[in-house]
Structure formats: C-alpha cells, structure tokens
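The primary structure of each chain is shown beneath.
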Amino acid sequence: MKILILGASGYAGSYIKKVLDEKFNDVFGTYHTLRNDYKGNMSMIPYELGDMEGLLNILQKVNPDIVISCLTGDFTKLVLLHTIISEYIKEKENGRLIFLSSANVFDGALEKAHFEYDVPKAASEYGKFKIQCEKIICGALGERGIIIRIPEIYGRNCPRILKLKEAVKAHIPIKTFQNLYMNYTTNRQIAEWIAYIIENDLTGIFHVGTKDMSDYAGFQKKLADKLSLGQPTFEITKEPIRLTQAVLPGRNEIPDSIQLNVEDVIHHITGTVSF
Ligand SMILES: NC(=O)c1ccc[n+]([C@@H]2O[C@H](COP(=O)([O-])OP(=O)(O)OC[C@H]3O[C@@H](n4cnc5c(N)ncnc54)[C@H](OP(=O)(O)O)[C@@H]3O)[C@@H](O)[C@H]2O)c1
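Residues numbered from 1 in each chain as written. Predicted model: local features only at pLDDT ≥ 70, side-chain atom pairs only at ≥ 80, totals over all residues. Heavy atoms only, no water.

1. Concerning the domain arrangement of the protein chain
So, step 1. On domain assignment, one finds that the protein chain holds domain 1 (2-152 + 185-207) and domain 2 (155-182 + 212-270).
So, step 2. Facing the 30 residues of domain 1 at the interface are 27 residues of domain 2.
So, step 3. Of the roughly 2400 Å² buried where domain 1 meets domain 2, counting both sides, 64% is carbon and sulfur surface.
So, step 4. If you sort the residues of domain 1 by the area they bury against domain 2, L110, E152 and W193 come out on top, with a joint share of 27%.
So, step 5. Where domain 1 packs against domain 2, one counts 1 salt bridge.
So, step 6. For the pair domain 1 and domain 2, the interface holds 12 residue pairs in polar contact (both at pLDDT 80 or more).
So, step 7. Listed by contribution, the elements that provide at least two residues to the side of domain 1 that touches domain 2 are β6 (145-150), β9 (184-186), α6 (187-199) and β10 (205-207).
So, step 8. With 6 residues, α6 is the single largest residue contributor to the side of domain 1 that touches domain 2.
So, step 9. A class-by-class count of the residues in the side of domain 1 that touches domain 2 yields 14 nonpolar, 9 polar and 7 charged. (Domains from an automatic or database assignment. Contact = heavy atoms within 4.5 Å. Buried area = accessible area lost by both parts, 1.4 Å probe. Salt bridge = Lys/Arg side-chain N within 4 Å of Asp/Glu carboxyl O. Polar contact = N/O pair within 3.5 Å; in protein donor to acceptor, adjacent residues only side chain to side chain. Helix = DSSP H or I, 4+ residues; strand = E, 2+ residues; numbered from the N terminus. Nonpolar A, V, L, I, M, F, W, Y, C, P; charged D, E, K, R; others polar.)

2. With respect to the site of the ligand
So, step 1. As a matter of local geometry, the ligand sits amid 25 residues, with S9, A12, T33, Y126 and R160 nearest to it.
So, step 2. Within the side chain of R160, a nitrogen or oxygen atom sits 2.7 Å from an oxygen atom of the ligand.
So, step 3. For the ligand, the accessible surface in isolation is 910 Å², of which the surrounding protein chains cover 81%.
So, step 4. Looking at the shell around the ligand element by element, the count peaks at 3 residues for strand β5 (residues 96-102). (Near = heavy atom within 4 Å. Areas by Shrake-Rupley, 256 points an atom, 1.4 Å probe, with all protein chains shown as cover.)

3. Things to note about the sheet that holds β6
So, step 1. In space, the 7 strands of this open sheet follow the order β3-β2-β1-β4-β5-β6-β10, with parallel pairing throughout. The sheet terminates laterally at β3 (44-46) and β10, the two strands that pair on one side only. Across this sheet, the average inter-strand angle for adjacent strands is 20 degrees, counted without regard to direction.
So, step 2. In the sheet, strand β2 (residues 26-31) pairs with β3 via 3 bridges, with the strands oriented parallel. The residue bridging T30 from the neighbouring strand is I45, located in β3.
So, step 3. The strands touched by α6 within the sheet are β1 (2-6), β4 (66-69), β5, β6 and β10, with β5 carrying the most contacts at an inclination of about 150 degrees. (Pairing = 2+ DSSP bridges. Axes fitted to C-alpha atoms, helices over the stretch in contact; angles between N-to-C directions.)

4. Considering the side chain of K17
So, step 1. Mapped onto the elements, K17 comes out in helix α1 (residues 11-23).
So, step 2. Ignoring any residue separated from it by four or fewer positions in sequence, one finds K17 in contact with I5, A8, V27, F28, G29, S43 and M44.

5. A word on the packing of aromatic side chains
Each aromatic ring pair is specified by the distance between its two centres and by the angle formed by the two planes.
So, step 1. This model, assessed by the stated rule, comprises 7 aromatic pairs.
So, step 2. Considering the side-chain rings of F75 and F129, the 4.1 Å spacing of their centres and the 0 degrees angle between planes classify their relative orientation as stacked. Placement of F75 in helix α3 (residues 75-90) and of F129 in helix α4 (residues 125-141) is noted, with a sequence separation of 54 residues between them.
So, step 3. For the ring pair Y154 and Y184, a centre distance of 6.0 Å and an interplane angle of 70 degrees mean the geometry is edge-to-face. Placement of Y154 in strand β7 (residues 152-154) and of Y184 in strand β9 is noted, with a sequence separation of 30 residues between them. The same class applies to Y154 and to Y184, which are both buried.
So, step 4. Taken together, the aromatic side chains of F75, Y126 and F129 make up a single cluster linked through ring pairs.
So, step 5. Across from the ring centre of Y181, 3.8 Å away, lies the NZ or CZ of R242, which sits over that ring.
So, step 6. If you follow R251 out to its NZ or CZ, it ends over the ring of F206, 4.0 Å from the centre. (Phe/Tyr/Trp six-rings, centres within 6.5 Å; stacked < 30°, edge-to-face > 60°. Buried < 20%, exposed > 50% of the residue type's maximum accessible area, 1.4 Å probe, protein only. Lys NZ or Arg CZ within 6 Å of the ring centre and 35° of its normal.)

6. Looking at the pairing of β4
So, step 1. Where burial is concerned, the two faces of β4 agree: the one with I66 and I68 and the one with V67 and S69 are both buried.
So, step 2. Looking at chain direction, β1 and β4 are connected through 4 bridges and run parallel. Bridging across to β4, L6 finds its partner in S69.
So, step 3. As for the winding sense of the linkage, the β-α-β connection from β4 through α3 to β5 is right-handed. (Right-handed = clockwise from strand over helix to strand, strands pointing away.)

This is how it looks when you write it as structure tokens:
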C-alpha cells in the first residue's frame, strides 16, 4: 500500500509522516519550502500549489492508494486540487482520500458542541472553504472520502506555543476570549488516529480532539503558567453569552488509548507526559 501526504513538511503533516513511516513501507510526502534534511530524501517531493502538471506527475510516479491532504494555501487552488485528487482516488480500487478539515465548519453554529453527524454551518470564509472541500470529496468518493475535523492543534514547540512565548518575551498583550469553550488536539493525536483509521479500514467522518472542553482564556492562562512564561498580559474579550467551538469525538470504534482530555493536551505541551 502506497501513501502520499500532501503537505508533509507542515506541523501536522510532518508528524503524520513520522508515525506512518514507522508502520508502513511506502510513505511519500510533499514539501513547498526546501529544508536541508530533504536533500537526498527520496520520499519527500517538491510541490507548488497550482502546478497541476506537477501534481499529476507526482500521482503517476508515486501511484498512491491513500492520499492524505494536510495543505494550507490559496482556497481556489486547493478546491481544484481536491477535485483532481478525488477523481484520481475514485478510479483506484479501495483508494482513500483523507482530508484535514477544521472545527471552523461549525463556526456559524456556536450554540453547542458538534459531533460527526451534525450538519456543518460556517460563518467564516475559511469554514465555508473547508465545507466546500468536504462536499467535493464526499460527493466523489462517498465513505472513501475520510474527513478529519480538528480543533486548534497543539504540541511541544508548536507554532501557537512559539507565538505565545514570543508575545510574552516582547511584552505584547495576548488576545484571547473568555466564555468561548473549545476542545483541542495534538499533532500526535491526529497522527495516531489516522494510523488507526488506515490500519482498521475505517471510513467516513471523524472528529479528532479532546473529549472535554475548556474556556479559551483559561486554557491559555494555564499554558502560560505551566510553561513558566512569567507574567503575560492578556487582552480578554468576554463573550456576552457562552459560545462553543468544539468538534467532539463520537466514533466508538476509536480506542480509549488514543483519546485525550484537555489536561492530557496540557501535559503533552508542557512535557510532564512522555510522548
Ligand atoms: N493548525 C491548526 O490549528 C489547524 C486547525 C484546524 C485545521 N487545520 C488544518 O490542518 C491542515 C494542516 O495544518 P498545519 O497547521 O499542519 O499547517 P502548516 O504547518 O501551515 O502546513 C501546511 C503545509 O502546506 C504546505 N504549503 C503551504 N503553501 C503551499 C504552497 N503554495 N504550495 C505547496 N505546498 C504548500 C506547507 O509546505 P512548506 O511548509 O514546505 O512551505 C506545509 O507542508 C491544514 O489543512 C489546516 O487547514 C489546522
């Protein structure tokens, strides 16, 4: 079985590749920004979003049975890319396309947390774009289009933590929200779920995130405290009513060993649990 990860140089994509490399023989990935460690690494392929000929060449060369999409970039180009990949996978017997979507597909329905069976409703352009991609993929592939909806991704030295550290160091107030309840995930949790989904031939929609939620301002304050960041200044917007942006995991095929609570995420980030 051959696997191609589009965006394997990104925060989520690189950890997914690391975990899948340990379990499968033929795992390939694309990158956009050249890094030294990709030189001579035959499994990492350069790709520029919008280069359709380049994309078709990669598909022909790698001949993947599973494509995992972890890309960011121009929405119009990404919509076209997911249309092409869906058509490619459709022709592959047992082919699967795994798409990293977002909790933002529900950012137009913040009155409650959402499970996999809820119908998405987005207010933001980003959320609407993710819904459009989900529809293209599921329309072409049905259950073989695997949708992974994720909340904010955390992990050791993840971009969000680095930004938090930089803001504290530069005495820049950190913008945050009170009365906004969210769930969270880690790069490791996403990678482990994807490995499990592939190994167990699961299909459909998955919400990958903590089983519980935490107020966003409270979560950030706790992180700053546990990371001993000193005395950060928070610029808090208090929502007048309780809002919720959470994609809660409801698929009972996923074992407890790869489920997380918010406390586990904090331990992961602050290094008090060995991951
Ligand atoms: N981060 C979050 O909290 C979060 C939350 C919900 C959903 N998601 C979704 O999860 C996925 C992964 O997110 P992430 O945080 O891991 O993103 P990321 O770290 O920014 O990685 C994005 C990937 O896309 C590649 N890329 C960017 N522009 C490109 C271009 N013009 N041409 C070709 N490749 C390009 C990057 O390549 P280079 O790095 O080599 O340039 C990288 O491999 C995305 O689809 C995102 O929408 C993320």
